[in-house]
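Chain and residue survey
One-letter residues, chain by chain:
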Amino acid sequence: MQTLREVLEDAERRHIAVGHFNFSDLAALKAIVEAAREARVPVLVGVSEGERAFLGTRQAAALVASLRNENGFPIFLNADHTHSLAKAEEAAKAGFDEIIFDASFLPWEENVAETRRAVEAIKSINPSILVEGEIGYIGTSSEILDKTPEGMGALTTPEEARQFVEATRVDVLAPAVGNMHGMLKTMVEGVAEKRLDIPRIAAIKAAARVFMTLHGGSGTNDGDFTRAIKAGITIVHINTELRLAWRRGLESALARDPDAVAPYKILPGAVEAVKQVVRSRIDLFNSQ
Ligand SMILES: [Zn+2]
């Protein structure tokens, strides 16, 4: 079976992107896996520190390993937004394929130094784990927001990206290019969309020469997704849209049968709703 690096190299060559979808429970994971299996594409699943605290770091890894071992299904696990070396090492030892070490909340010099240290520590546990670093601020929570988070706006420059990658030796870079974690209420209502700086993505890719991830993809203009992938984005993160679908799917399942108490009869409503979102995103990311 292909490694995550090989899957990303292949996607880069073909100008498509690998979808990265977060999960907090088995219903969401089941939905992601079913959608990716039906579309016959590799998939990245992610758990943030909060999601890991709920699921268990080793338990999340065991779940994903069991799915991968079933007919060699190409599913890879990412430790999303890891803010401490201890949590990064825990994920590395648990068998994660990728770790996002996110010290972007620190001043530049410290972000570089901490990320560099994390790359060394993670690779000393397992050199095949891909490490992703973050520059720029794009908000932190994958939730429905009333307004744009404080401090957003400064976009990554190609020169910053080049320097950061050179100094830290990360395998993957997450730049700020107009993307944002979470969705504004106006985006949920469908009256607003996130727009990306496509020429900047192309310039950063040329300068940094590593895989690039688009975080905070939920609520982005479809055409911008396609153009961003052509310009050099190889991984796209979707979380808030899935959380929204999970909740709505659950609510309508409960409304359909107010007396239902068997979780395995209620939760398929959430699975189906999440699966539809994952499938539509996968289809978009894989169209050339
Ligand atoms: Zn993110």
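See the structure shown above.
These notes cover the structure that comes with them. (Residues numbered from 1 in each chain as written. Predicted model: local features only at pLDDT ≥ 70, side-chain atom pairs only at ≥ 80, totals over all residues. Heavy atoms only, no water.)

Moving on, we get to the overall build of the protein chain. Along the backbone of the protein chain there are 13 helices and ten strands. In terms of overall dimensions, the protein chain is globule-like: its C-alpha atoms have a radius of gyration of 18 Å, near the 19 Å expected for 288 residues. In terms of its C-alpha atoms, the protein chain occupies a principal-axis envelope of roughly 60 × 45 × 35 Å. Counting every position in the protein chain, which comprises 288 residues, the buried fraction comes to 53%. Computed over 33 positive and 40 negative side-chain charges, the inter-centroid distance for the protein chain is 3 Å. (Helix = DSSP H or I, 4+ residues; strand = E, 2+ residues; numbered from the N terminus. Rg over C-alpha atoms; globule rule 2.2 N^0.38 Å. Buried < 20%, exposed > 50% of the residue type's maximum accessible area, 1.4 Å probe, protein only. Lys, Arg positive; Asp, Glu negative; His and termini not counted. Charge placed at Lys NZ, Arg CZ, Asp CG, Glu CD.)

In this structure, Phe23, Ile75, Ile99, Leu173, Ile201 and Val236 are the most contacted members of the largest nonpolar core, which totals 69 residues. When residues in this core are grouped by element, the largest group, nine residues, is from helix H2 (residues 26-39). (Core = buried A, V, L, I, M, F, W, Y, C linked by side-chain atoms within 4.5 Å.)

Their axes nearest at 8 Å, the elements helix H7 (residues 158-168) and helix H9 (residues 198-208) cross at an angle of 30 degrees. Overall, the two elements H7 and H9 adopt an arrangement that is roughly parallel. Where H7 crosses over H9, the handedness of that crossing is right-handed. Contacts between H7 and H9 pair Pro158, Ala161, Arg162 and Val165 from the former with Ala203, Ile204, Ala207 and Ala208 from the latter. Classifying every residue of the contact of H7 with H9 by side-chain character gives seven nonpolar, no polar and one charged. (Axes fitted to C-alpha atoms, helices over the stretch in contact; angles between N-to-C directions. Parallel < 35°, antiparallel > 145°, perpendicular 65-115°, else oblique. Left-handed = near helix turned anticlockwise from the far one by under 90°. Contact = heavy atoms within 4.5 Å. Nonpolar A, V, L, I, M, F, W, Y, C, P; charged D, E, K, R; others polar.)

Below, the discussion takes up the pattern of salt bridges. Summed over the entire model, instances satisfying the criterion amount to 24 salt bridges. Asp97 is paired through a salt bridge with Arg68; the nearest N and O atoms lie 2.8 Å apart. Highlighted residues: Asp97 in the loop between helix H5 (85-94) and strand E4 (98-101) and Arg68 in helix H4 (residues 57-69), separated in sequence by 29 residues. Asp97 gets classed as buried once you look at its relative accessible area, which sits at 14%. Taking relative accessible area as the criterion, Arg68 reaches 19% and is therefore assigned buried. Note that Glu114 and Arg117 form a salt bridge whose closest N and O atoms lie 2.9 Å from each other. Highlighted residues: Glu114 and Arg117, both in helix H6 (residues 108-125), separated by three residues, approximately one helical turn. Residue Glu114 is classed as partly exposed on the basis of its relative accessible area, which comes to 30%. Shared partners join several salt bridges into a network, and the residues in it are Lys30, Glu34, Glu38 and Lys275. (Salt bridge = Lys/Arg side-chain N within 4 Å of Asp/Glu carboxyl O.)

The values reported here are purely geometric and, on their own, carry no functional implication.
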